[in-house]
Amino acid sequence: MHGVGLAGQVRAGQERAVARAITVVERGGLEAEALLASLRGSDSAAWRVGLTGAPGVGKSSLTQALGLALREEGVGVAVLAVDPSSPFSGGALLGDRVRMPELLRRGAFVRSMATRGALGGLSAAAGDALDILDAAGFPWVLVETVGVGQDEVDVASTVDTVVVVTVAGLGDDIQAAKAGILEIADIFVVNKADRPGAEAQVAALEGMLELQPAGEWRPPVIRTSARTGEGIAELRQAVGLHRVFLEADGRRAARRHRQVAERILRLVAALASERVRRDFQAMLEAAVAAVTQGRQDVHGAARRLFASLQGVGAAREA
Ligand SMILES: Nc1nc2c(ncn2[C@@H]2O[C@H](COP(=O)(O)OP(=O)(O)OP(=O)(O)O)[C@@H](O)[C@H]2O)c(=O)[nH]1
Ligand SMILES: [Mg+2]
């Protein structure tokens, strides 16, 4: 256990300590919990921008370009690349060095993570890593998440500004967007605009947005090319505008409030199922038997099991 010493070094912004701390939360367990406990209350100067989208659309290239634009302004930048597809963070770590070389040269902190082992899975670990980067005092944190699954939606929903990256001619992309990513987008990007079809993709996205109920914030659709640099300034500007929007009228505080509630609920759910697996296996087996033998459906079985857990809890407290 080096929780307290490490926490101090993280708060002092020492990058090696930050990297080590992220490794600790990737592993999860008591050491991670002790570290996070001693970092509590560091909240929260960082503005967190999430870039998400299907594999290969150019998230890393755009993250680097946006990061470089911010470095040009002289502000500190940390990048967290969250990769659910690669099971070993060791491999991902190696990838850091080649992933965003220019950004590294310009003094940004770049780190990737990939784990499912910790309580609450990848999105919980990513949330913890973001807390560490917050505590370390980075004013801007860019989070790249690969893919379009629930993990990505969960990770994306722990940031302040969600950028959904698409490319021309990827019909599947829009399908995937419908599966949940669309609702969480604050900014849409059509990347690889140096290739044909970008205009049609912009029009398709604009069309989809028109079908959405009009909200207070209308997500802009921005054409970019990480290759030529087209649209990067506009993306930087859009992120700034979204920040101004959220910072007004307590919207950011409300969003953070929802995010913290979500994180707590996910952890409670993880703790509850862990507990059932560990200590109430017989009850679980009985519930499974009830369903497979047709005496109960899964909903009824879950409610009954949950109710008896509450009974056990009450009996223990009494
Ligand atoms: N023509 C063109 N190619 C691009 C552009 N942006 C990225 N690429 C290329 O697209 C490929 C994938 O780019 P990445 O930035 O690695 O994409 P990604 O979305 O991070 O990929 P994963 O992390 O693997 O999902 C690379 O070969 C890039 O050079 C662009 O604007 N135009
Ligand atoms: Mg990438």
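Attention here is on the structure that accompanies the text.

Conventions and cut-offs
Residues numbered from 1 in each chain as written. Chains lettered and ligands numbered in written order. Predicted model: local features only at pLDDT ≥ 70, side-chain atom pairs only at ≥ 80, totals over all residues. Heavy atoms only, no water. Near = heavy atom within 4 Å. Polar contact = N/O pair within 3.5 Å; in protein donor to acceptor, adjacent residues only side chain to side chain. Areas by Shrake-Rupley, 256 points an atom, 1.4 Å probe, with all protein chains shown as cover. Helix = DSSP H or I, 4+ residues; strand = E, 2+ residues; numbered from the N terminus. Nonpolar A, V, L, I, M, F, W, Y, C, P; charged D, E, K, R; others polar. Pairing = 2+ DSSP bridges. Axes fitted to C-alpha atoms, helices over the stretch in contact; angles between N-to-C directions. Buried < 20%, exposed > 50% of the residue type's maximum accessible area, 1.4 Å probe, protein only. Core = buried A, V, L, I, M, F, W, Y, C linked by side-chain atoms within 4.5 Å. Donors = N, O, S within 2.8 Å, 3.2 Å for Na, K, Ca; no water. Lys, Arg positive; Asp, Glu negative; His and termini not counted. Salt bridge = Lys/Arg side-chain N within 4 Å of Asp/Glu carboxyl O. Contact = heavy atoms within 4.5 Å.

1. Some remarks on the site of ligand 1
Item 1. Neighbouring ligand 1 are 16 residues; Lys59, Ser60, Ser61, Asp194 and Ala226 lie closest to it.
Item 2. Within the side chain of lysine 59, a nitrogen or oxygen atom sits 2.7 Å from an oxygen atom of ligand 1.
Item 3. At a separation of 3.4 Å, an oxygen atom of ligand 1 approaches a polar side-chain atom of serine 225.
Item 4. In the complex, the protein chains occlude 70% of the 650 Å² of accessible area that ligand 1 would expose alone.
Item 5. Counting residues per element, the ones that place at least two in the shell around ligand 1 are helix 4 (59-72) and strand 4 (140-146).
Item 6. Looking at the shell around ligand 1, the element that brings in the most residues is helix 4, giving three residues.
Item 7. Of the residues belonging to the shell around ligand 1, the class tally is four nonpolar, six polar and six charged.

2. Section: the sheet that holds strand 1 (residues 47-53)
Item 1. The sheet built from seven strands is open, its strands ordered 3-2-4-1-5-6-7 with parallel pairing. The open sheet is flanked by strand 3 (109-113) and strand 7 (221-223), the only strands paired with a single partner. On average, adjacent strands in this sheet sit at an angle of 20 degrees to one another, irrespective of strand direction.
Item 2. Relative to strand 5 (residues 161-167), strand 1 runs parallel, the two being bridged by four bridges.

3. Focus: the pairing of strand 1
Item 1. With seven of its seven residues buried, strand 1 lies for the most part within the structure.
Item 2. The side-chain alternation of strand 1 yields two buried faces, one formed by Trp47, Val49, Leu51 and Gly53 and the other by Arg48, Gly50 and Thr52.
Item 3. Sheet topology places strand 1 next to strand 4; seven bridges connect them, and they run parallel. Looking across to strand 4, one finds that arginine 48 is bridged to valine 141.

4. Details of the nonpolar core
Item 1. Membership of the largest hydrophobic core comes to 48 residues, with the highest contact counts inside it found for Val10, Ile22, Leu80, Ile132 and Leu133.
Item 2. Here the element with the most residues in this core is helix 7 (residues 121-135); it accounts for eight residues.
Item 3. Among the nonpolar cores identified, the runner-up in size contains 30 residues, and Leu70, Val77, Val110 and Leu142 belong to it.

5. Structural notes on the coordination of the magnesium ion (ligand 2)
Item 1. Surrounding the magnesium ion (ligand 2) are the protein donor atoms Ser60 (OG) and Glu144 (OE), at 2.1 Å. Residue serine 60 is located in helix 4, and its partner glutamate 144 is located in strand 4; the two are separated by 84 residues in the primary sequence.
Item 2. Taking the relative accessible area as the measure of exposure, glutamate 144 reaches 4% and is therefore buried.

6. Regarding the side chain of lysine 59
Item 1. Considering the arrangement of structural elements, one finds lysine 59 in helix 4.
Item 2. At 4.6 Å, glutamate 144 is the nearest oppositely charged side chain to lysine 59, a buried residue that forms no salt bridge.
Item 3. A polar atom in the side chain of lysine 59 sits 2.8 Å from the backbone oxygen of alanine 54.
Item 4. If sequence neighbours within four positions are ignored, lysine 59 has contacts with Leu51, Thr52, Gly53, Ala54, Glu144, Thr145, Val146 and Val165.

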